[in-house]
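# Observations on the model geometry
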Amino acid sequence: MRKMKKFAALGLALTMIATMLTACGGSDKSGASNSTSGETTSEDSQAAQSENAQTEAEGEESAPAQASSGEQVTITYSLWDEIQSVVYQELIDNFEAQNPDIHVEMQLTPWDQYWTKFDAAAGANQAADVFFMNVWVPKYAEAGVLEPLDSYMERDGFDFSLYTQSIVDTGTYNGVHYTVPKGTDSMAVAVNTTLFEKYGVTVPGSDWTWDDMMAVCRELQGKIAEAGDSIYPMAFMLNSNNGSWQPVVYQFGGRVFNEDGTSGYSSEESIAAIQALVDMIDEKLIPDYQMVSDTSAEEFFISGQACMLYLPTFSSQKLEQAKMEGIELIKLPKAKSQEFIAGSMHYGMNAASEHKEEAWRFMQYLASEEANDIVGQRGIDLPARISSQSYYASSFKQFDGSAFVEGLTEAVPYASAPGYAEDAINSITNDDIIAIFTKQIGVKEGMEKMAEKINAEIESGK
């Protein structure tokens, strides 16, 4: 495993495009009430403290961290999402009421600064005790930043069956669990039913195919032209890897990585997926890469400049907060399948924390039914805990989010590069897909060269 000083020397300033917000669940031995309202009674608090005390006493010999001294301990919790931070303060208040011996200090850092600040802090052994972690678990596990959690989980009977399996899988590296599940991304197509009605086009159902989608886009394009308007039938977040084009790769039967660990971008299926998107750009069915870089795909949809939008859950609040009327969500169209790659969110513990037992108790609460229900009810994330996901679907006021939850049956865990090559592969992927979408290189040649460079990077680090 790479040591922390080597991790710091690498200067892990991530270059990946800011695509994930995103994006919970756990053992009820966390001491949290299972009330779906989020209210905590004094009886709940006393029972929680008693159970936590019993759990700590029973597991003292096997606990991988020192026991609580009985005095109030302050732990730190870092996250990057301002919208989510409001709800997390509510969760912190609930947790502190149930665990008066622990104070949680929240540290909010904007996404575009989060990883740079996190890397610097981790390199100096000063990262927060508990923190948001996305799909880059292999990287931070190899660097020794993430605390292995198996001993805590085995001691306290953490029940993985309560959570979406793809999230559990992406929090595991080399057979070791490094995170507690938080939430998952999902995908759907958002439809502006008002525009469909205006142009006299029937809204498709969730059983549609890619060919059906193309036919609807072309029909819309014709009706838009007849009306003398100049809007797009659809919009894709071409500047977001997991927000559009990588899910399409999976729909066409491609993969980011093959089973042998090599890049999957040179396969016929992956090439066909990107070619399909380039064809849509050429037909002016969707805005091109530069356009959605200057004005986001979400804004095209919200402003009525696009009739449909490939919508990941991490952008759903933009539509909700715009108070846009007439939105309907349907599942992704089937190409070879309706599969899509889904990013996931996790809670990680700092391996250098001086308060690991307190941090673990907080993580158990974040994984509880109570916490997941609140997250789902507030609509800030699609919770990892399966029983709480229905709350997310009904949390939106502007549209029904059921298609997001229904789509999880088609979700494929996010494929991470080897930890040592994560930054380089992200950079290659971003640069090369831009070159393809902006016509600097042909699709087949560009995808094959991208795969070749990724494979070279993987081999160089072995």
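To be clear, the structure that these remarks concern was listed above.
All values reported here derive from a predicted model rather than from experimental measurement.

Our next topic: the nonpolar core. Ranked by internal contacts, the top residues of the largest apolar core, which has 143 residues, are Tyr77, Trp210 and Phe236. When residues of this core are assigned to their parent elements, the largest contribution, eight residues, is made by helix α11 (residues 268-282).

Before going further, it helps to examine the pairing of strand β2 (residues 102-108). Bridge analysis of strand β1 (residues 73-79) against β2 gives seven bridges, and the strand direction is parallel. Counterpart to Thr74 in the pairing with β2 is His103. Handedness of the β-α-β unit built from β1, helix α3 (residues 82-98) and β2 comes out right-handed.

Let us now look at the sheet that holds strand β10 (residues 327-330). Strand order in the open sheet formed by four strands is β8-β9-β7-β10, and the pairing between neighbours is mixed. Each edge of the sheet is formed by a strand with only one pairing partner; in this case those strands are β8 (232-235) and β10. Averaged over all pairs of adjacent strands, the angle between their axes in this sheet comes to 20°, without regard to strand direction. Judged from the five bridges that link them, strand β7 (residues 187-192) and strand β9 (residues 306-312) form a sheet pairing that is antiparallel. By the bridge assignment for β9, Met187 is matched with Pro312.

Every α-helix carries 3.6 residues per turn, so stepping three or four residues along brings you back to the same face. Taking 1.5 Å of rise per residue, the 13 residues of helix α4 (residues 111-123) would be expected to cover 18 Å, and the 19 Å separating its terminal C-alpha atoms lies within 8% of that figure. Buried residues of α4: Trp111, Tyr114, Trp115, Phe118, Asp119, Ala121 and Ala122, and no others. Projection of α4 onto a plane perpendicular to its axis shows the buried side chains occupying an angular sector of 170°, all on one side. Among the exposed residues of α4, those oriented more than 90 degrees off its buried face are Asp112, Lys117 and Ala120. Backbone geometry just after α4 places Asn125 at a positive phi near 60°.

As a further point, take the sheet that holds strand β6 (residues 179-184). Strand order across the open sheet formed by six strands is β2-β1-β3-β12-β6-β13, with mixed pairing between neighbours. Edge positions in the open sheet fall to β2 and β13 (382-383), since each of these has one partner strand only. Sitting on the sheet, helix α15 (residues 356-366) touches β1, β2, β3 (130-133), β6 and β12 (344-349), and the angle it makes with β12 is about 155°.

Another point: helix α20 (residues 443-460). For α20, with 18 residues, the first-to-last C-alpha span of 26 Å sits near the 26 Å given by 1.5 Å per residue. What α20 keeps buried is the set Val443, Gly446, Met447, Met450, Ala451, Ile454 and Ile458. For α20, the angular spread of buried residues about the axis comes to 130°, placing them on one side. Opposite the buried face of α20, by more than 90 degrees, sit the exposed residues Lys444, Glu452 and Ser460.

Rules used in this analysis
Residues numbered from 1 in each chain as written. Predicted model: local features only at pLDDT ≥ 70, side-chain atom pairs only at ≥ 80, totals over all residues. Heavy atoms only, no water. Core = buried A, V, L, I, M, F, W, Y, C linked by side-chain atoms within 4.5 Å. Buried < 20%, exposed > 50% of the residue type's maximum accessible area, 1.4 Å probe, protein only. Helix = DSSP H or I, 4+ residues; strand = E, 2+ residues; numbered from the N terminus. Pairing = 2+ DSSP bridges. Right-handed = clockwise from strand over helix to strand, strands pointing away. Axes fitted to C-alpha atoms, helices over the stretch in contact; angles between N-to-C directions. Expected span 1.5 Å × (residues − 1). Arc of directions from axis to C-beta. Contact = heavy atoms within 4.5 Å.

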